[in-house]
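Structural description and commentary
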Amino acid sequence: MGTGRVCTNVRWPSASRLFVVWPGQWSSDLFAIDDLEEYAKAHGIKHDDERTGLKDHTPDVRWTTSPHGQNARSPYVAVDLTLVCGCRIKDLAAFAKRMSEQQGWEVATSGGWGSSGLEEVTYSLCVRRRSLSA
């Protein structure tokens, strides 16, 4: 069996896509690597703290449900969250994946989110209600 090789790494603002070419006898196959975090782990690539803002540890999280924009019928609840450990969220998808793996949270990545504060930053994001009690 042959080995694939990295063809190109295309960068868009705050996002990356990795493409791998698997050479064949008459043609080659092109694959898009969906999960860069898993790819990095599988190949021993060091976690990029600068890109995600998250150190490679379990974040120390303090959170409360937000009093703003609550809909009792929605499966999601607005959460005000502070990372006591000093991490910063720069990549919401990476943070959502980490919280899913470590705490069972289902953080919405398709909606808006924001932050406020200078020293102690508070993030406003949406989390599936049932996952908060997991």
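Here is a short report on the structure shown in this document. This is a predicted model, so every value here is computed, not measured. (Residues numbered from 1 in each chain as written. Predicted model: local features only at pLDDT ≥ 70, side-chain atom pairs only at ≥ 80, totals over all residues. Heavy atoms only, no water.)

**Some points on the pairing of strand E5 (residues 76-83)**
Taken across its eight residues, E5 has six buried, putting it largely inside the fold. Where E5 and strand E7 (residues 122-128) come together, seven bridges link them in antiparallel fashion. From the neighbouring strand, Val 77 faces E7, where its bridge partner is Val 127. (Buried < 20%, exposed > 50% of the residue type's maximum accessible area, 1.4 Å probe, protein only. Helix = DSSP H or I, 4+ residues; strand = E, 2+ residues; numbered from the N terminus. Pairing = 2+ DSSP bridges.)

**Observations concerning the side chain of Ser 66**
Along the chain, Ser 66 turns up in the loop between strand E4 (61-65) and E5. Its relative accessible area of 8% is what places Ser 66 among the buried residues. When neighbours within four sequence positions are excluded, Ser 66 is seen to be in contact with Ala 78, Val 79 and Asp 80. (Contact = heavy atoms within 4.5 Å.)

**What about the packing of aromatic side chains?**
Any aromatic ring pair is given by two values, namely how distant the centres are and how the planes are angled relative to each other. Scanning all chains against the criterion turns up one aromatic pair. Residues Trp 63 and Trp 105 carry aromatic rings whose centres are separated by 5.5 Å and whose planes lie at 85° to one another, so their mutual orientation is edge-to-face. A residue pair is termed long-range when its members are at least 10 positions apart, and Trp 63 in strand E4 and Trp 105 in the loop between helix H3 (92-103) and strand E6 (114-116) qualify at 42 residues. Among the residues examined, Trp 63 registers a relative accessible area of 33% and is labelled partly exposed. (Phe/Tyr/Trp six-rings, centres within 6.5 Å; stacked < 30°, edge-to-face > 60°.)

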